[in-house]
Amino acid sequence: MTAGATMTTARKAEPFFTVKEGDGTKRRVVLDKFPYTLGRARDCDLVVDFLEVSRLHARFDFDHEQVTITDLGSTNGTYVNAVRLEPYQSRRLRSGDAINLANVCTLEFDDPAATATIPLVSMLAPGIRLEEATASVLIDGLRLDPPLSPGQFALLKLLMENEETVVTRETIRARVWNQGEQISEQTIDALVSRLRKRLEEADPSHEYIITRRGFGLMFRNKS
């Protein structure tokens, strides 16, 4: 693999990703220009020499102080934290996200500038935060009581991991329930309805779960 990026923008701390090579070694690549393309074509910024990877596979962009990744209609898919991205729909990245190209190339994303701001966020930060260790939900800094059911928490966690990206019903079925279970559309609808009701009761001022008819659900937190 070779990186062909050149400096076109200046930041105090550029985001970067770590490439995991086949021999187990790791190589750090700084995202110092946008858009930044990944694929098998020789003119990509990161050239990935695997037949499974499409010529123009995916792209990093920088929007509103956030790095996003977009699958460019690849044949074998782009995955973030094991969830396949919908083609041409941008997905905002967070430090620690694992990116997989066609199941043959793994990258780990990091953004020091974003990470450095985490200690400044107070318990009263607006919107929803999850405490996975205790399966707790905080809305505007207040703990949701009674807590969500395991299914509701799993659904909310999945949606938040893919914030501003449409999550299909197939993905919900695969991630929220055990493999092999026969889950009907009515069961999914009921779970979504119960979760939406709990969030609306706790914070009627904001619509966290948005339905994209014919596609799926999208989570939008407070800014």
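Now for a look at the structure at hand.

The rules behind the values
- Residues numbered from 1 in each chain as written.
- Predicted model: local features only at pLDDT ≥ 70, side-chain atom pairs only at ≥ 80, totals over all residues.
- Heavy atoms only, no water.
- Helix = DSSP H or I, 4+ residues; strand = E, 2+ residues; numbered from the N terminus.
- Expected span 1.5 Å × (residues − 1).
- Buried < 20%, exposed > 50% of the residue type's maximum accessible area, 1.4 Å probe, protein only.
- Arc of directions from axis to C-beta.
- Pairing = 2+ DSSP bridges.
- Axes fitted to C-alpha atoms, helices over the stretch in contact; angles between N-to-C directions.
- Parallel < 35°, antiparallel > 145°, perpendicular 65-115°, else oblique.
- Contact = heavy atoms within 4.5 Å.
- Core = buried A, V, L, I, M, F, W, Y, C linked by side-chain atoms within 4.5 Å.

### Focus: helix α4 (residues 185-202)
Phase 1: With 18 residues, α4 ought to run about 26 Å at 1.5 Å a step, and its terminal C-alpha atoms sit 26 Å apart, in line with that.
Phase 2: Within the span of α4, buried status applies to I188, L191, V192, L195, R198 and L199. The buried residues of α4 occupy an angular sector of 125° when projected down its axis, which confines them to one face. Of the residues in α4, the exposed ones pointing more than 90 degrees away from the buried face are Q186, K197 and E201.

### Some details on the pairing of strand β2 (residues 16-20)
Phase 1: Within β2, four of the five residues are buried, which leaves it mostly tucked inside the rest of the structure.
Phase 2: Pairing of β2 with strand β3 (residues 26-30) involves five bridges; the strand directions are antiparallel. Along β3, the bridge assignment pairs V19 with R27.
Phase 3: Pairing of β2 with strand β12 (residues 105-110), which is carried by five bridges, proceeds in the antiparallel orientation. Looking across to β12, one finds that T18 is bridged to E108.

### Some details on the sheet that holds strand β15 (residues 142-143)
Phase 1: Read across the sheet, three strands follow the order β13-β14-β15 without closing on themselves; strand pairing throughout is antiparallel. Of all the strands in the sheet, the pair left with one neighbour each is β13 (128-131) and β15.
Phase 2: Pairing between β13 and strand β14 (residues 136-139): four bridges, direction antiparallel. Its bridge partner being in β14, L130 is matched across the sheet by V137.

### Some remarks on the sheet that holds β3
Phase 1: Ordered by their spatial adjacency, six strands build an open sheet running β3-β2-β12-β11-β8-β9, and the pairing between neighbours is antiparallel. Bordering the open sheet on either side are β3 and β9 (83-84), each of which pairs with just one other strand.

### Details of the packing of helix α3 (residues 169-176) against α4
Phase 1: Closest axis-to-axis distance for the α3/α4 pair is 11 Å, and the angle between their directions is 80°. Classified by the angle their axes make, α3 and α4 are roughly perpendicular. Across the interface between the two elements, R169, I172, R173 and V176 from α3 touch E185, I188, D189 and L191 from α4.

### Remarks on the nonpolar core
Phase 1: Of all hydrophobic cores here, the largest spans 26 residues; its most connected members are I128, V137, L155, L156, I172 and L199.
Phase 2: When contributions to this core are tallied by element, the ones reaching two or more residues are β14, α2 (150-161), α3, α4 and β17 (216-219).
Phase 3: Sorting elements by how many residues they give to this core places α2 first, with six residues.
Phase 4: Residues contacting I128, with those up to four places away along its chain left out, are V137, L138, I139, L156, M160, L199, Y208, F219 and N221.
Phase 5: Among the nonpolar cores identified, the runner-up in size contains 23 residues, and L46, V67, L85 and F109 belong to it.

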